[in-house]
Amino acid sequence: EKLGDGKYQLSGVLSFDTVPGVLEYGTRLFSEGDALEVDLSRVTHSDSAGVALLVEWVGEAERNNRAIRFLNIPDQMLAIARVSSLDHILPLSRD
């Protein structure tokens, strides 16, 4: 869901079943603005595919010379990122 200039919110489930569609839609995000903020507060469930989506978007942002930041990452996603040592490379904010 688009919230405003460069600001988006993901909601629902991020899983192996849903991430491919979100990834396809997300490629359009990198054609507008200099910076992106993605609010994850409405993500109700995520598996490792959800974290992989964030990693892919970080790479896409870098390839397009754009900044990206993920806000309000759910505890479940943060735990997966930490176990995978990805919390150090993902631009995460808990507020």
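Residues numbered from 1 in each chain as written. Predicted model: local features only at pLDDT ≥ 70, side-chain atom pairs only at ≥ 80, totals over all residues. Heavy atoms only, no water.

Let's shift gears to the overall build of the protein. Counting its regular elements, the protein contains three helices and five strands. Tracing the protein from N to C terminus, the helices and strands come up as β-β-α-β-α-β-α-β. Expected size for 95 residues packed as a compact globule is a radius of gyration near 12 Å; at 12 Å, the protein falls within 12% of this value. Projected onto the principal axes, the alpha-carbon positions of the protein cover approximately 30 × 25 × 25 Å. Going through the 95 residues of the protein one by one, you find that 38% of them count as buried. Here the contacts in the protein between residues at least 6 apart in sequence split such that 72% fall between residues at least 24 apart. As presented, the protein carries roughly 5,300 Å² of accessible surface, and 50% of it is formed by carbon and sulfur atoms. Each charge sign in the protein was given a centre, from 9 positive and 15 negative side chains, and these centres are 3 Å apart. (Helix = DSSP H or I, 4+ residues; strand = E, 2+ residues; numbered from the N terminus. Rg over C-alpha atoms; globule rule 2.2 N^0.38 Å. Buried < 20%, exposed > 50% of the residue type's maximum accessible area, 1.4 Å probe, protein only. Contact = heavy atoms within 4.5 Å. Areas by Shrake-Rupley, 256 points an atom, 1.4 Å probe, with all protein chains shown as cover. Lys, Arg positive; Asp, Glu negative; His and termini not counted. Charge placed at Lys NZ, Arg CZ, Asp CG, Glu CD.)

Strand direction decides the pairing type here: strand 1 (residues 2–4) and strand 2 (residues 7–14), joined by two bridges, are antiparallel. The partner of Gly4 across the bridge, within strand 2, is Lys7. Counting the residues that bridge the hairpin from strand 1 to strand 2 gives two residues, and of these Gly6 lies at a positive phi of roughly 70°. For strand 2 and strand 3 (residues 35–46), the ladder comprises seven bridges, and the chain directions are parallel. When the sheet's bridge partners are listed, Gln9 is paired in strand 3 with Asp39. (Pairing = 2+ DSSP bridges.)

Below, the discussion takes up the sheet that holds strand 2. The pairing of strands in a sheet comes from backbone hydrogen bonds and takes either a parallel or an antiparallel form. In spatial order, the strands read 1-2-3-4-5; together these five strands make up an open sheet with mixed pairing. Every other strand in the sheet has two partners, leaving strand 1 and strand 5 (92–93) as the edge strands with one partner each. Contacting strand 2, strand 3 and strand 4 (67–71), helix 2 (residues 48–63) runs over the sheet at an angle of about 155° to strand 4. Here helix 3 (residues 75–83) sits on the sheet in contact with strand 2, strand 3 and strand 5, set at roughly 105° to strand 3. (Axes fitted to C-alpha atoms, helices over the stretch in contact; angles between N-to-C directions.)

Counted according to the given criterion, the structure contains five salt bridges. Among the salt bridges present, the one from Glu1 reaches Arg42, with a minimum N-O distance of 3.9 Å. Of this pair, Glu1 sits in the segment before strand 1 while Arg42 sits in strand 3; the two residues are 41 residues apart in sequence, bridging distant segments of the chain. Exposure remark for Glu1: the relative accessible area of 52% places this residue in the exposed category. In this structure Arg42 comes out as partly exposed when scored by relative accessible area, which is 46%. What you see here is one network of salt bridges that share partners, running through Lys7, Glu37 and Arg69. (Salt bridge = Lys/Arg side-chain N within 4 Å of Asp/Glu carboxyl O.)

Positionally, Arg66 belongs in the loop between helix 2 and strand 4. For Arg66 and Ser31, which are 35 residues apart along the polypeptide, the C-alpha to C-alpha distance reads 9.4 Å. For Arg66, the side chain forms a polar contact with the main-chain oxygen of Asn64, separated by 2.9 Å. (Polar contact = N/O pair within 3.5 Å; in protein donor to acceptor, adjacent residues only side chain to side chain.)

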